Amino acid sequence: MLHLPSPILAILRSSIRFFTRGKFIPENPIDEFSLDLSQPIIYVIPSASLADVLTLQLACKVLGLPDPLTPVSFAGEIHQRVAFLCDRQGETSEATIKQFTQALRAHHSEQNHDVQLMPVKLFWDRYPGRESVDDLMSGKSKRPAGPIKKAWQVVFKGRENLVRFSHPVSLKQMAQRHGADQRIGHKLARVARIHFSRMQMIATGPKLPIRRHMFEQLLASPTIRAAISDEAKNNHKSQAEAKQTALRYLEEIAADFSYRNLRMADSVLSWVWNKIYSGIEVNHAEKLRQLAQEGHEIVYAPCHRSHMDYLLLSYVLYHQGMVPPHIAAGVNLNFWPAGPFFRRAGAFFIRRSFKGNKLYSTVFREYLSQLFSRGYSVEYFTEGGRSRTGRLLPPKTGMLAMTVQAMMRGLERPVTIVPVYFGYEHVMEVGTYYKELKGKTKDKESLLSLFGMLSKLRNFGHGYVNFGEPINLNQQLNQIAPQWRESHEEGLKPQWLVPAVNQVSKQLMENINSAAAVNGLCLSAIILLAAENRALPRNQLAKQISLCSSLIRNVPYSTHVTLPDLDADSLLEQAISLNKFEIREDDLGSIIGLDEKQQVLLNFYRNNIIHLLIIPAFIAAVLLQHRSIGRSQLVSLLEELYPLLKGELFLHYQVDDISQLCERYLAEFVALKLISENGECFKIDSHRRGRLLLLAQIAQESLHRYAIVAALLAKRPHLTRSELEQQALAAAQRLAKLHHINAPEYYDKRITSSLLALFREHGYNQVEVAENLFGKLAPLLADGVYDSISELLDLET
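Residues numbered from 1 in each chain as written. Predicted model: local features only at pLDDT ≥ 70, side-chain atom pairs only at ≥ 80, totals over all residues. Heavy atoms only, no water.

Looking at the overall build of the protein
- If you tally the helices and strands in the protein, you get 34 helices and 21 strands.
- Its C-alpha atoms give the protein principal-axis dimensions of about 90 × 75 × 50 Å.
- Residues counted as buried form 57% of the 797 residues belonging to the protein.
- The long-range share in the protein, meaning contacts at least 24 apart out of those at least 6 apart in sequence, stands at 80%.
- In the form shown here, the protein has an accessible surface area of approximately 35500 Å², with 50% of it arising from carbon and sulfur atoms. (Helix = DSSP H or I, 4+ residues; strand = E, 2+ residues; numbered from the N terminus. Buried < 20%, exposed > 50% of the residue type's maximum accessible area, 1.4 Å probe, protein only. Contact = heavy atoms within 4.5 Å. Areas by Shrake-Rupley, 256 points an atom, 1.4 Å probe, with all protein chains shown as cover.)

Right, dumping it as structure tokens:
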């Protein structure tokens, strides 16, 4: 097959090039796998197929890999560079086992070479099939496609072609660890078959269920049957009526995944992304692919910025060679035509509250457990809804708790939660968010609102999808609650469940923020909103972008944070191209500023990355107001304030890290010539004081709100929780009006409520503690703010 005349191979290769659209995963296997091209590489593909080999050859040429049609030489022998794992009947090829064994023996006898055995699977169709077909095929090896079917796949499915490379196996290490007899060759082939089977599952997912049969199985489960009986008894219904109610709930909830719908969605979304975005950047997907290959049950837990999030993650995963997850979507999105489209794309719908409806909660919990047991990946938004401020919202733990409860039933695979950070240079809904915070009623999702969103399609700049550090839920539970696997009574929550879920949810939010995507717009927004009159000369803005970029790059928040490899001028140009700034020219150059509307809207983008700069901003504020402060005093003050910052912004540092972190930032301030060391104290460079002041201003809005709450707790301890929240919100809003601050934090009830909860959690609600905290915050407040707070709250009395 591989020895056909060159003209025939050239004709076939040209035909395949014409019909296929090459998609390679990973896009740079040499770097991702740390391939040593000086050592031999042998490709292993599932079956003997000339079309597959020629398609692989085209992919290797693009990726800079060795040509699979050229032989490889090692240990003084010539070997074929492609090994076919199975024969035409779908059974493991004896010739391949022999080839593996010979290669292992060559390594056992000679140590000067290391053959890299690289599994490669080519997909021409990612349709998983139906369960009924799987039942018929049970116990039989699936035969590879014959020449006619393969030709049909190339012609009609070529645009779906995916070439999936896997991490190579070192035959040198295999020979050293396990020997080189024929038994090891058989084992290597068996492991390769399992590997390819898992690759198939990753790309296509499990067989699609027949929806009616799945409903029948769920309704027959003991848990739902018991809930149906309770529903009938408590609401004076017959068993048939209660069962019908449960069936209606299932029809309302359950996804109806369609591969045809997925293909159509891919075509539509490819057009949409190309139309509205300059590019979609995906980072750290290699760890995700590794987890899937290792057999983990993956739960995707993204932040929620926009309705685009649902679509973008599914699109990205599909193009990473993975089946899109089943997505927990709010029932508010179940309107025609979006609801049926989302349902066929894998969405299952959830009500905002289960309260008082035991049957619904039982049906939903059993359905979620069914998804896990069948091997589907799942996606849910832990925040519960879209953030209107650009900050992460406090987590809603219901879905995570149900995930743990599903694990308690004995899931065999490890469950891993993958945090996902979405970053956008433009969010189409951002204009409505601020109106909602100011009291406007949220518009109900509908066909009309869908057309409204589509009418806003334009250049949205770049989109960013960053995968954060995964959380192995099994390992976390083993540490937090070692008894979690023990048997428990159905329907009762174990005592450890709530604290364990709360701890994991906080870790999850921190991991999301640790994967932030920095871009020119976010940097420009955070600087301009800190500037007086919300405007700066262009050269000054570029210098401040350079300063903030240096802090983020040289004192990295985490290894998952991404920052474009561009200089400050390029980042600024990138931001200007989005047409969000007001640019005025005079004899001295350009002034870049924000009009009144953009002052409001750009807070959203500032808040996406404020957690990356809040610590150096606080340090700058302290240095400016306490010019003779020593290191130990600075660290002590930051350690006292840090629990509030950590709780609000989901920072991953611990209090014990603050001392070392402070030293790193101070050293960077010195390197940037913002300050110089003067014994235990620091001297501010007079020529760069303005840059330090702009940096410090980033922390002012947090200081304002902390000072308001501390003052209320110190001076009005008699207030109830509700009264305290109401007065704190009213004072923040008045302060914003007095000082011309257009920031959503001053209007968001949830942020104020969460801040009050943090004060209580860390003991700041005690009068003396609150009074002491306010005394330390007061000197850090900008000019006039302390007086405004004093007058608002009558602190003199």
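As for the nonpolar core
- One finds Phe348, Phe467, Ile619 and Phe669 to be the most contacted residues of the largest nonpolar core, which totals 222 residues.
- It is helix H26 (residues 603-625) that contributes the most residues to this core, 16 residues altogether.
- Other than its neighbours up to four places away in sequence, Phe669 contacts Leu551, Pro616, Ile619, Ala620, Leu623, Leu674, Ile675, Leu692 and Leu695.
- If you look at the next biggest cluster of nonpolar residues, it comprises 28 residues, including Leu50, Val53, Val120 and Phe165. (Core = buried A, V, L, I, M, F, W, Y, C linked by side-chain atoms within 4.5 Å.)

Digging into the packing of helix H9 (residues 211-219) against helix H16 (residues 358-374)
- Viewed as axis vectors pointing N to C, H9 and H16 meet at an angle of 120 degrees, and their least axial separation amounts to 11 Å. Where H9 crosses over H16, the two elements pack in a sense that is right-handed. Taken together, the residues of H16 that come into contact with H9 (itself represented by Met214, Gln217 and Leu218) are Glu366, Tyr367, Gln370 and Arg374. (Axes fitted to C-alpha atoms, helices over the stretch in contact; angles between N-to-C directions. Left-handed = near helix turned anticlockwise from the far one by under 90°.)

Looking at the pairing of strand S15 (residues 462-467)
- Extensive coverage of S15 is indicated by the burial of six of its six residues.
- The alternating pattern of S15 places His462, Tyr464 and Asn466 and Gly463, Val465 and Phe467 on opposite faces, both of which are buried.
- Of the pairings in the sheet, the one linking strand S9 (residues 279-283) to S15 comprises five bridges and is parallel in character. Looking at S15, one finds that Gly279 is bridged to His462.
- Two elements, strand S14 (residues 415-424) and S15, share five bridges in a ladder whose sense is antiparallel. Looking across to S15, one finds that Val420 is bridged to Phe467. (Pairing = 2+ DSSP bridges.)

Brief notes about the pattern of salt bridges
- Under the criterion given, the structure shown has 29 salt bridges.
- Between Glu761 and Lys506 there is a salt bridge, with its nearest N and O atoms 3.6 Å apart. Within this pair, whereas Glu761 is found in helix H32 (residues 749-761), its partner Lys506 is found in helix H21 (residues 497-513), the two being separated by 255 residues in sequence.
- Take Lys506: its relative accessible area is 40%, and that puts it in the partly exposed class.
- Where salt bridges share partners, they join Arg391, Arg606, Glu648, Glu701, Arg705 and Glu745 into one cluster. (Salt bridge = Lys/Arg side-chain N within 4 Å of Asp/Glu carboxyl O.)

Section: the environment of Tyr380
- Checked against the element boundaries, Tyr380 lands in the loop between strand S13 (378-379) and helix H17 (398-407).
- Relative accessible area serves as the criterion here: at 3%, Tyr380 is assigned to the buried category.
- Setting aside its immediate chain neighbours within four residues, Tyr380 contacts Val299, Tyr300, Ala301, Pro302, Ala328, Met399, Leu400 and Thr403.
- A polar atom in the side chain of Tyr380 sits 2.8 Å from the side chain of Thr403. (Polar contact = N/O pair within 3.5 Å; in protein donor to acceptor, adjacent residues only side chain to side chain.)

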